Amino acid sequence: MPESRVRKAAAEKKKLNTQAQVAEKRAERTRTVAAPGSRQWVVPTFVTVGLLGVLWLVVYYITASTAITVPVMTALGGWNVLIGMGGMGLAFVLATLWK
């Protein structure tokens, strides 16, 4: 039995529509999101910054208690605590970047 033109056109339209959807789904699967750069620098950086912060505080407390003068540290006074804690805080922030 012959098909009507309207039914034939609808069937072709549906066929084209499904082919377009299949092609679009294929394209979505093949699209890749660019991965962020390598994060190998994070671990050595946050360990180093954290250790420098701790070392800064240790040196400050030892020199302050023994009355040894270190030119820059002595001039900074109480700001040394902020510098040491800031280094450790920065190390924590850097640690959150690690994947």
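The following refers to the structure shown. (Residues numbered from 1 in each chain as written. Predicted model: local features only at pLDDT ≥ 70, side-chain atom pairs only at ≥ 80, totals over all residues. Heavy atoms only, no water.)

## Overview of the nonpolar core
1) Next: Of all hydrophobic cores here, the largest spans five residues; its members are Val42, Phe46, Val49, Ala91 and Leu94.
2) Next: At the level of secondary structure, the elements contributing two or more residues to this core comprise helix H2 (42-66) and helix H4 (79-95).
3) Next: Looking at this core element by element, the count peaks at three residues for H2.
4) Next: Leucine 94 has contacts with Trp41, Val42, Thr45, Phe46 and Val49, leaving out every residue within four places of it along the chain. (Core = buried A, V, L, I, M, F, W, Y, C linked by side-chain atoms within 4.5 Å. Buried < 20%, exposed > 50% of the residue type's maximum accessible area, 1.4 Å probe, protein only. Helix = DSSP H or I, 4+ residues; strand = E, 2+ residues; numbered from the N terminus. Contact = heavy atoms within 4.5 Å.)

## What to know about the side chain of threonine 63
1) Next: Mapping threonine 63 onto the fold places it in helix H2.
2) Next: Judged by relative accessible area, threonine 63 falls into the buried class, the value being 12%.
3) Next: Setting aside anything within four residues of it in sequence, one finds threonine 63 in contact with Ile68, Val70 and Met73.

## Side note on H2
Since one α-helical turn is 3.6 residues long, residues separated by three or four positions face the same way.
1) Next: With 25 residues, H2 extends 36 Å from end C-alpha to end C-alpha; this agrees with the ideal 36 Å at 1.5 Å per step.
2) Next: What H2 keeps buried is the set Val42, Phe46, Val49, Gly50, Gly53, Leu57, Tyr60 and Thr63.
3) Next: Looking at the buried positions of H2, the neighbouring elements they touch are helix H3 (71-76) and H4.
4) Next: Alanine 67 sits one or two residues past H2 and shows a positive phi near 60 degrees. (Expected span 1.5 Å × (residues − 1).)

## Focus on the packing of H2 against H4
1) Next: Between H2 and H4, whose axes approach to 8 Å, the crossing angle comes to 165 degrees. Viewed along their axes, H2 and H4 adopt a mutual orientation that is roughly antiparallel. Between H2 and H4 lies a crossing of left-handed hand. Of H4, the residues touching H2 (which contributes Val42, Thr45, Phe46, Val49, Gly50, Gly53, Val54, Trp56, Leu57, Tyr60 and Tyr61) are Asn80, Val81, Ile83, Gly84, Met85, Gly87, Met88, Leu90, Ala91, Leu94 and Ala95.
2) Next: Looking at the contact of H2 with H4 residue by residue, the class counts come to 16 nonpolar, six polar and no charged. (Axes fitted to C-alpha atoms, helices over the stretch in contact; angles between N-to-C directions. Parallel < 35°, antiparallel > 145°, perpendicular 65-115°, else oblique. Left-handed = near helix turned anticlockwise from the far one by under 90°. Nonpolar A, V, L, I, M, F, W, Y, C, P; charged D, E, K, R; others polar.)

## Some remarks on the packing of aromatic side chains
1) Next: For the structure shown, the criterion picks out two aromatic pairs.
2) Next: Aromatic side chains phenylalanine 46 and tryptophan 98 sit 6.0 Å apart centroid to centroid with 50 degrees between the ring planes, which places their arrangement in the tilted category. One end of the pair, phenylalanine 46, is in helix H2; the other, tryptophan 98, is in the segment after H4, and 52 residues separate them in sequence.
3) Next: When the centroid spacing of 5.4 Å and the interplanar angle of 50 degrees are considered together, the rings of tyrosine 60 and tyrosine 61 count as tilted. (Phe/Tyr/Trp six-rings, centres within 6.5 Å; stacked < 30°, edge-to-face > 60°.)

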